[in-house]
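A closer look at the structure
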Amino acid sequence: MAIINSSGAILAKARAMYGKRLTLQDYNSLLRMQSISEVASFLKGHPGYGDVMEEVNEALIHRGQLENLLRKALFEKYYRLSSFSFSSGDSIYQLMVSRYEIRQVMACIRLLGAGRMEEYITSVPPYLQGHTSLDLMQIAKVRSMDDLRQALAGTPYLAYLNTGADVPDYTMVETRLREAYYARLTKHAGKHGGKLKELVYTQAELFNITTIYRMKFLFRMERVTILSYLLPYRSKLSPAAFKKLLWAEREEDFIHLLKHSGYRRLMEDTGFSSPEDFTRRCEEQLCRRIVHFSSDTEAVLLAFLQLSEIEADNLTAIIEGIRYEIPAEQIRPLLILPQ
Amino acid sequence: MSIERMSLVGLTGPAGMLDEVLVRCLSSGCFHPEAPPVSEHKGKHHQLYAENPYAQDLRTLTDAAHRAGITLGYADPDKLSIPQEEYSAFIRRIWEQVTGLSEKKRAAAERRMIHQQAMRQVEHLSGLGLSFDQLFAMKYIEVRLGRLPADSYAKLTYYEDKCFFFQPVDHDKEYYWGLYLVPRAYCEEIDEIFQSLFFERIQLPEYVKGTPQEALAMLRQDISAEDETIAALDRENKAFLKEHTGTVLMLYSRLKFLNDAFECRKYAGEMGDGFALTGFVPKKEEKRFLQLFAELEGVEADAKPVDSDPRLVPPVRLKNNRVIRPYEMFVTMYGLPAYNGIDPTPVVAILYTILFGVMFGDLGQGLVISLVGWLMWKAKKMMLGRVLIRCGISSAVFGCVYGSVFGLEHLLDPMFHAMGFAEKPIEVMHPDTTNMVLITAIGIGVAIILLSMILNIALGIKQKDLGRWLLSHNGLAGLVFYGYVVAAASLMLVGGVNIITLPCILGFVVLPILLIFLKEPLLRLIERKGKLFEGGFGGFFVESFFEMFEVLLSYITNTMSFLRVGGFILSHAGMMAVVMTLMDMVGASASPVVMVIGNLFVMGLEGLIVGIQVLRLQFYEVFSRFYDGDGKPYEPLVPAYDAE
């Protein structure tokens, strides 16, 4: 009797699912479309989205609903994959759920701060129910920070809200939550090693690069303040290179330093138009390489998830672009397209 | 059976003549352009570059043709009756007509889809048990029919304090079908909530009355009405195609040609107030090509020897006769030879055909493979089909030698008896034959390896590359060493003759090995290129020692690699023997079926594997010894009518 290797099975499954991704030709077709219903109709006929779009009425579908469906498809895709795994995949699955939970908590704090909490209900992902310890319906009814603390009682997120202030600093809470998430992720990746570690540490480092750039050149913040928002992980940058980036006075210097850092090859391929774009392109390249060549199951899983998120973001950009009648040539630069 | 000789041609003239020159280059079908040397004229090309005046019309026409369902291709544009200045107006008319039709069809299809979806949704409401008239006749209550995503249904508890009532009548994994009832005073607020929950209302047509069953009947009528509209539009489109397809294709061909010719401006470099074009044409086409420009005022065309500009690498076009030409696909798959190299196609053709026949010898199966190849070529124009025709014939010839017809090993015995033989020449499965088959396979391998080395020596001499023809392990040194070792072993085994003497060892083993080992420093010494051992003697010694080890090992492994030739002769006979045994087991009635299936299986499986293995032998054991495959393909300018 054949012995089924669950790692091998997950790898094969992940790669098979990856094979159903949108191609450059698909993106070109999507960019030529004039209406949301055309997009929905196209996705309905695409092997990667046919299942989730099967019952959709493409003539009536709303942009928000389509985006929700794509996010749900993404979550279900990952859940399906993790269900193949009997051991290691569970940890990554838990981490992914906690990422979704953090997003919900952050969305809630942001809307509370803006006094628009009634909008939260529309963004609640019901597909998360059953996977999360958060009571999303109770969170939706929150109208004050005290309500939120009550709703989060018994969850690990409550501690991050108890900063002493009545209304906690949104950015600081976000940073602490991210730190906690990355602490769990890097702990897991550190134990695992290999490509997973490279991927996780690179993601953390790319977050730092984006943060430094934004805080330094857009918000003109002090170095000491910036440091408090950074994650304590490095991957391709040496300590000296990292320090130089932090000390760079001008944007050109910053970009020049990146060009001569461990990101040299990626910079040659992707260029640098904005830190967010650079981060996404770097992630896409690294993840694509891992999915293509790595035999590390967890790394492939995480990389595949990342690529699926990029694809979902691309589709969201296209859908919103079409909704607001933005010409295709202006939408295209916003996309991270496959090569 | 060689590489086509080329001429380097240069075209110069005033800028105003550039388009005419490019049109003639394109229509010649033999001009391989070279990019202008950018570094010398940096920033000076702008005058020759302009917006392509045909691009927009071509795009519009292509778009219109695609919408109308016209498959674009070539049609003789000389028969076109529309003058050039009216092209744009004609294309605009065609485009408007086509888009008008396709828009109408799209709208009808969309309406049909909406009706169909409404119908599917009303079907879900068939459990309502109420008439729509009754529902919509309520004075103080508004009713909304539709479906709610299952995700949103879960969120309804959030709105439990709001003034509405949702009644699902059907549901699946994704949606809840039903209706919500809301007092008119709260209608706006509740509609907004449901909109945010992506509630899809079912908008029933005004005339839909009665129960859901009656509504369904109405919707069916609507759908058939739209079907009729679509059919009418299709008829209109068909009439349009009948009337205009010819003109559209001719116009497309003309515009595509002009567009492609204009695009070739990128190959032109600026020279004073004029242009300069450089490229290659086959030597035999040179006169005809130059003649094309004779009458053009101010245009000068001249041909030079192919190597007169060292910056340009001449392109390669293989020139082979009809018998050998199909095998060019294997050569181009690996890479074309250099212009001053050797075309290996004849070697590939002969070796591939013979080896395939040897490894897959069966008269009946060979003829079937030829037939399949012929069908592939005739029906699909697949070049592989032509290769299969030749391989099948070779297989049939060797099948005669082995006396095998569809696995029947004694069917040809009467023929052999008539020819004076006591039995068939080679009985593959006979124990005494097995060794002979394997030793012959090795012999074939040795001959092929020696031939490859001789080709490498010839190429080295042609290219005046001493290292290649004399000192490399595939050069004369390698040939002497390998030839001697093989000869010594063969003579010892076959005739008991011993030629392993000290002078022979010194001359045919030690000396060649030393030459191969010291190849790099010897070349440096002869070419006087600085230090003998660039990275120091230690580094050189270690590196060369391991390389030498690998070379010696490769002589053995490459020779043994040819054992597979013998192996496949045996395995083919073995597999057919299994088929025959199965035929005996199933009895007389089912044996023809087993025979057909068995033969098909063996042809499909083993034929494919033998094809791949022979190709592998060519690429690894033959090409790797003398062939670089770094040639540049000859790509003359020709309009690509099917490209868009």
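These numbers were taken from a predicted model, which means no experiment stands behind them.

Section: the overall build of chain B
- When you go through chain B residue by residue, the secondary structure sums to 21 helices and 11 strands.
- Sequence-distant contacts, at least 24 apart, represent 78% of the contacts inside chain B between residues at least 6 apart.

As for the overall build of chain A
- Of regular secondary structure, chain A possesses 19 helices and zero strands.
- Taking all 339 residues of chain A together, the buried fraction comes to 32%.
- When contacts within chain A are restricted to residue pairs at least 6 apart in sequence, those whose partners lie at least 24 apart make up 60%.

Structural notes on unusual backbone geometry
- Positive phi is not limited to glycine here, since Glu325 of chain A has a value of about 55 degrees.
- Secondary-structure assignment places Glu325 of chain A in the loop between helix H18 (297-323) and helix H19 (328-331).
- At Lys464 of chain B, a residue that is not glycine, the phi angle is positive and equals roughly 55 degrees.
- Mapped onto the elements, Lys464 of chain B comes out in the loop between helix H14 (431-462) and helix H15 (466-471).

Here's the deal with the sheet that holds strand S4 (residues 141-149) of chain B
All names here are of chain B.
- Spatially, S5-S6-S4-S7 is the arrangement adopted by the four strands of the open sheet, whose pairing is antiparallel. Edge positions in the sheet fall to strand S5 (165-171) and strand S7 (200-201), since each has one partner strand and no second.
- Relative to S7, S4 runs antiparallel, the two being bridged by two bridges. Paired with Gly146 across the two strands is Arg201, which belongs to S7.

What to know about the nonpolar core
All names here are of chain B.
- Counting residues in each nonpolar core, the largest one holds 62 residues, and the members touching the most others are Val348, Tyr352, Leu355, Phe356 and Met359.
- Counting residues per element, this core draws most heavily on helix H10 (residues 345-359), at nine residues.
- When residues no more than four places from it in sequence are discounted, the contact partners of Leu355 are Val565, Val614 and Leu617.

Let's talk about the interface of chain A and chain B
- In this complex, chain A contributes 17 residues to the contact, which on the side of chain B involves 15 residues.
- Looking at which element gives the most residues to the side of chain A that touches chain B, the answer is helix H5 (residues 63-84) of chain A, with three residues.
- When grouped by side-chain class, the residues that make up the side of chain A that touches chain B number eight nonpolar, seven polar and two charged.

A closer look at the packing of H10 of chain B against helix H21 (residues 591-626) of chain B
All names here are of chain B.
- Relative orientation of the contacting elements H10 and H21 amounts to 140 degrees, with a least axis distance of 10 Å. One way to sum up the angle between H10 and H21 is to call them oblique. When the axes of H10 and H21 are compared, the crossing they make is right-handed. Facing Val348, Leu351, Tyr352, Leu355, Phe356 and Met359 of H10, the residues of H21 in contact are Val610, Gly611, Val614, Leu617, Gln618 and Val622.
- In terms of residue class, the contact of H10 with H21 is built from 10 nonpolar, two polar and no charged.

As for helix H7 (residues 212-263) of chain B
- Look at H7 of chain B: only 62 Å from first C-alpha to last across 52 residues, short of the 76 Å you get at 1.5 Å a residue.
- Maximal helix bending in H7 of chain B amounts to about 55 degrees, located at His244 of chain B.

Describing the pairing of strand S2 (residues 6-14) of chain B
Residues and elements named next belong to chain B.
- With respect to burial, S2 is a largely interior element, seven of its nine residues being buried.
- Where S2 lies against strand S9 (residues 274-282), nine bridges are found, and the strand directions are antiparallel. Counterpart to Leu11 in the pairing with S9 is Leu277.
- In this sheet, strand S10 (residues 300-304) lies alongside S2 in antiparallel orientation, the contact comprising five bridges. Bridge assignment links Leu11 to a residue of S10, and that residue is Ala301.

Considerations on the environment of Gln203 of chain A
All names here are of chain A.
- Structurally, the position occupied by Gln203 is in helix H12 (residues 194-218).
- For Gln203, a count of 24 C-beta atoms within 10 Å corresponds to the buried category.
- Once the C-alpha coordinates of Gln203 and Thr279 are considered, the two residues, 76 residues apart in sequence, prove to be 8.1 Å apart.

Remarks on the pairing of S4 of chain B
- Examined bridge by bridge, S4 of chain B and strand S6 (residues 175-183) of chain B share nine bridges and lie antiparallel to one another. For Leu145 of chain B, the partnering residue across the bridge sits in S6 of chain B and is Leu179 of chain B.

Thoughts on the environment of Pro337 of chain B
Residues and elements named next belong to chain B.
- Summarising the element assignment, Pro337 is placed in the loop between helix H9 (328-334) and H10.
- As for Pro337 and Pro633, which are separated by 296 residues in sequence, their C-alpha atoms are 9.1 Å apart.
- When residues no more than four places from it in sequence are discounted, the contact partners of Pro337 are Ile3, Val316, Ile342, Asp343, Pro344, Tyr627, Gly629 and Gly631.

Overview of the confidence of the model for chain B
Residue and element names in this part refer to chain B.
- For chain B, mean pLDDT is 87; residues scoring 70 or higher make up 97% of the total.
- Overall, residues 39-45 carries pLDDT values under 50, and its contacts beyond four positions in sequence, including any with other chains, amount to six contacts.
- The ipTM for the predicted assembly is 0.74, set against a pTM of 0.58.

Some thoughts on the confidence of the model for chain A
Residue and element names in this part refer to chain A.
- Taken residue by residue, chain A gives an average pLDDT of 83. The fraction at 70 or more is 93%.
- The secondary-structure element of chain A with the lowest mean pLDDT is helix H16 (residues 264-270), recorded at 74, while helix H2 (residues 24-31) shows the highest, at 90.
- Low pLDDT, under 50, characterises residues 1-5; the predicted model gives this stretch one contact beyond four residues in sequence or across chains.
- Within the model, the stretch residues 86-90 combines pLDDT values under 50 with nine contacts to residues more than four positions away or in other chains.

What about the environment of Leu384 of chain B?
- Mapped onto the elements of the fold, Leu384 of chain B is located in helix H12 (residues 383-402).
- Sequence-wise, Leu384 of chain B and Phe330 of chain B are 54 residues apart; in three dimensions their C-alpha atoms are separated by 9.6 Å.

Calculation criteria
- Residues numbered from 1 in each chain as written.
- Chains lettered and ligands numbered in written order.
- Predicted model: local features only at pLDDT ≥ 70, side-chain atom pairs only at ≥ 80, totals over all residues.
- Helix = DSSP H or I, 4+ residues; strand = E, 2+ residues; numbered from the N terminus.
- Contact = placed C-beta atoms within 7 Å.
- Buried ≥ 20, exposed ≤ 12 C-beta atoms within 10 Å, placed from the backbone.
- Pairing = 2+ DSSP bridges.
- Core = buried A, V, L, I, M, F, W, Y, C linked by C-beta atoms within 7 Å.
- Nonpolar A, V, L, I, M, F, W, Y, C, P; charged D, E, K, R; others polar.
- Axes fitted to C-alpha atoms, helices over the stretch in contact; angles between N-to-C directions.
- Parallel < 35°, antiparallel > 145°, perpendicular 65-115°, else oblique.
- Left-handed = near helix turned anticlockwise from the far one by under 90°.
- Expected span 1.5 Å × (residues − 1).
- Bend = angle between axes of the 7 residues up to and from the residue.
- pLDDT = per-residue confidence, 0-100.

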